[in-house]
Amino acid sequence: MLGFRILKRCRQVDGSLVARFRELPVANVSDSMSRMTAGGAALRPLHRGGVMAGPAITVKTRPGDNLMIHKALDLAAPGDVIVVDAGGDLTNSLIGELMISHAQTRGIAGIVLHGAVRDAAWIRENDMPIFAAGISHRGPYKDGPGEINVPISIEGMVIEPGDLVIGDDDGILCVPFDHADAIYEAARKKHEAEGKKMLAIREGKDDRRWIDATLARLGCAIEA
């Protein structure tokens, strides 16, 4: 029945590629995707610290209900990231200490929730990557409907099952399965270039002439 489906994930990014992406800042990957994709500024890291990377298990649920999130936790393999489209509603929290602890025992790499969590103090003291849109003490219902491993969208960012999902202090990003290798190479080069630029800045050798060149191209008048 549409709205009550649990599908199989047919593909997922390779573990070696996931490991390589973990070494890159999300900002460099975002730049390499033309800065056109983001999960929205509301999705913030709530855990103590650390990066997140892994293939997506997607969940679409109605606001206020976590039945399918529970099922996704049991279906997920070690290293997976649970990504939940809960409509951005913050009325009811959908996960907390108990569910996150269960996720930890299963080796899940992180949870992204376009909705609310609770037990925020406990989450802040732990390294399990949790990205969410807000906090509410009001708990969830467990009635459905919901779907697992279907395409979802969070603030315009489309996530398909098996896509790579990465996150750090700057937020989260989905890297599409079909383009992951090419995006990695572009992001790696971007990261290396920024490393060289940082060295030049520290040595006082950063070339700033591009600023005046850009202003001149734009027709900006600069008084002497």
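A brief structural summary. These numbers were taken from a predicted model, which means no experiment stands behind them.

## A closer look at the overall build of the chain
When its secondary structure is counted, the chain shows seven helices and twelve strands. Reported as C-alpha extents along the three principal axes, the dimensions of the chain are approximately 70 × 35 × 35 Å. Contacts in the chain between residues far apart in sequence, at least 24 positions, make up 78% of those at least 6 positions apart. As presented, the chain carries roughly 11800 Å² of accessible surface, and 54% of it is formed by carbon and sulfur atoms.

## Topic: the environment of Ile108
Mapping Ile108 onto the fold places it in the loop between helix 4 (97–105) and strand 6 (110–117). For Ile108, a relative accessible area of 5% translates into the label buried. Along the chain, Ile108 and Ala76 lie 32 residues apart, while their C-alpha atoms are 7.1 Å from each other. If we ignore the near neighbours within four places in the chain, the residues touching Ile108 are Leu73, Ala76, Gly79, Asp80, Ile82, Ala103 and Met128.

## Considerations on the packing of aromatic side chains
One pass over the full model with this rule turns up one aromatic pair. Where Phe21 meets Tyr184, the ring centres are 5.4 Å apart and the plane angle is 65°; that geometry is what we call edge-to-face. Of this pair, Phe21 sits in helix 1 (residues 15–21) while Tyr184 is found in helix 6 (residues 180–202), placing the two residues 163 residues apart along the sequence. Under the relative-accessibility criterion, Tyr184 is labelled buried at 11%. Across the ring face of Tyr184, the terminal group of Arg20 is positioned such that the distance to the ring centre comes to 5.1 Å.

## Things to note about the nonpolar core
In this structure, Phe21, Val29, Val83, Val112, Ile159, Ile166 and Val175 are the most contacted members of the largest nonpolar core, which totals 34 residues. If we skip the residues at most four places from it in the chain, Val175 touches Phe21, Val29, Met33, Asp163, Leu164, Ile166, Ala180 and Ile183. In this structure, Val84, Ala103, Met128 and Ala132 belong to the second largest nonpolar core, which totals 26 residues.

## A look at the pattern of salt bridges
With the rule as written, the count across this model stands at 15 salt bridges. Two residues, Arg35 and Asp31, come together in a salt bridge whose shortest N-O distance is 2.9 Å. The class for Asp31 is partly exposed, based on a relative accessible area of 24%. Between Asp206 and Arg208 there is a salt bridge whose closest N-O contact spans 3.3 Å. Among the charged side chains, a network of salt bridges with common partners joins Asp31, Arg35, Lys190 and Glu194.

Rules used in this analysis
- Residues numbered from 1 in each chain as written.
- Predicted model: local features only at pLDDT ≥ 70, side-chain atom pairs only at ≥ 80, totals over all residues.
- Heavy atoms only, no water.
- Helix = DSSP H or I, 4+ residues; strand = E, 2+ residues; numbered from the N terminus.
- Contact = heavy atoms within 4.5 Å.
- Areas by Shrake-Rupley, 256 points an atom, 1.4 Å probe, with all protein chains shown as cover.
- Buried < 20%, exposed > 50% of the residue type's maximum accessible area, 1.4 Å probe, protein only.
- Phe/Tyr/Trp six-rings, centres within 6.5 Å; stacked < 30°, edge-to-face > 60°.
- Lys NZ or Arg CZ within 6 Å of the ring centre and 35° of its normal.
- Core = buried A, V, L, I, M, F, W, Y, C linked by side-chain atoms within 4.5 Å.
- Salt bridge = Lys/Arg side-chain N within 4 Å of Asp/Glu carboxyl O.

Just distances and angles here, no functional claims.
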